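Coordinate analysis (summary)
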Amino acid sequence: RSMEGEVMDKFGACLPQHLTHTLCAFAKQDFDPSDRFMRMWSDEVRNKAGSFNARDLANSLWAVATLGDDRGHVPVACLVVASTELLGTFNSQELSTTMW
């Protein structure tokens, strides 16, 4: 069984931090997640976007940009809206990560 499959089985229980760490790990390893994984990840992000903190948002946006996902699965718009709402709470590292 793949690590990707194990993660997908547990998406419903994932906190925003877990979703972020998973995508960041894939991006750092230059791992190309499957379409199914990205659809499921995106659904969870849409459902939990309001619960993301500044660090989770910044790192998720970095991971999306690093992976270069052009399949249209990633709900970048909801991440950007959530980021805009929390912009005043971003520290300098989170701002620079988001701007990357």
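Coordinates for the structure precede this section.
The text that follows walks through the structure, step by step, so that each part is easy to find. In this text, all values refer to a predicted model and were calculated from it rather than measured experimentally.

1. Topic: the overall build of the protein chain
Each helix and strand in the protein chain was counted, giving six helices and zero strands. Along the protein chain, from the amino end to the carboxyl end, the secondary structure elements read α-α-α-α-α-α. Since a compact globule built from 100 residues should have a radius of gyration of about 13 Å, the 13 Å found for the protein chain is in line with a globular shape. Based on the C-alpha atoms only, the size of the protein chain along its principal axes is roughly 40 × 25 × 20 Å. Here the protein chain holds 100 residues, and 42% of them are scored as buried. Residue pairs in contact within the protein chain that sit at least 24 positions apart in sequence constitute 77% of those at least 6 positions apart.

2. Considerations on the packing of aromatic side chains
Summed over all chains, the structure comprises three aromatic pairs. Site record: aromatic cluster; members linked through ring pairs are F11, F26, F31 and F37.

3. Description of the packing of helix α4 (residues 54-67) against helix α6 (residues 92-99)
Helices that pack against each other are described as a pair by the angle of their axes relative to one another and the distance between those axes. Two elements in contact, α4 and α6, have axes whose closest approach is 8 Å; the angle formed by their N-to-C orientations is 25°. Considered as vectors, α4 and α6 are oriented roughly parallel to each other. Between α4 and α6 the crossing geometry is left-handed. In this structure, α4 contributes A54, R55, A58, N59, L61 and W62 to the contact, and α6 contributes E94, T97 and T98. Here the contact of α4 with α6 is built from residues that sort into four nonpolar, three polar and two charged.

4. As for the pattern of salt bridges
If you walk through the whole model with that rule in mind, you get three salt bridges. Of the charged contacts in the structure, one is a salt bridge between D43 and R46, with a shortest N-O distance of 3.2 Å. With a gap of three residues between them, D43 and R46 both fall in helix α3 (residues 35-48), about one helical turn apart.

5. Overview of the environment of F52
When you line up the elements, F52 lands in the loop between α3 and α4. In this structure the C-alpha to C-alpha distance between F52 and M99, which are 47 residues apart in sequence, comes to 17 Å. Ignoring any residue separated from it by four or fewer positions in sequence, one finds F52 in contact with P16, L19, T20, V45, L57, S60, L79 and L86.

6. Section: the packing of helix α2 (residues 16-28) against α4
Running from N to C, α2 and α4 cross one another at 30°; their axes reach a closest spacing of 9 Å. One way to sum up the angle between α2 and α4 is to call them roughly parallel. In this structure, the crossing between α2 and α4 has a hand that is left-handed. Taken together, the residues of α4 that come into contact with α2 (itself represented by P16, Q17, T20, L23, C24, F26, A27 and K28) are D56, N59, S60, W62, A63, V64, T66 and L67. Residues of the contact of α2 with α4, tallied by class, amount to nine nonpolar, five polar and two charged.

Parameters at a glance
- Residues numbered from 1 in each chain as written.
- Predicted model: local features only at pLDDT ≥ 70, side-chain atom pairs only at ≥ 80, totals over all residues.
- Heavy atoms only, no water.
- Helix = DSSP H or I, 4+ residues; strand = E, 2+ residues; numbered from the N terminus.
- Rg over C-alpha atoms; globule rule 2.2 N^0.38 Å.
- Buried < 20%, exposed > 50% of the residue type's maximum accessible area, 1.4 Å probe, protein only.
- Contact = heavy atoms within 4.5 Å.
- Phe/Tyr/Trp six-rings, centres within 6.5 Å; stacked < 30°, edge-to-face > 60°.
- Axes fitted to C-alpha atoms, helices over the stretch in contact; angles between N-to-C directions.
- Parallel < 35°, antiparallel > 145°, perpendicular 65-115°, else oblique.
- Left-handed = near helix turned anticlockwise from the far one by under 90°.
- Nonpolar A, V, L, I, M, F, W, Y, C, P; charged D, E, K, R; others polar.
- Salt bridge = Lys/Arg side-chain N within 4 Å of Asp/Glu carboxyl O.

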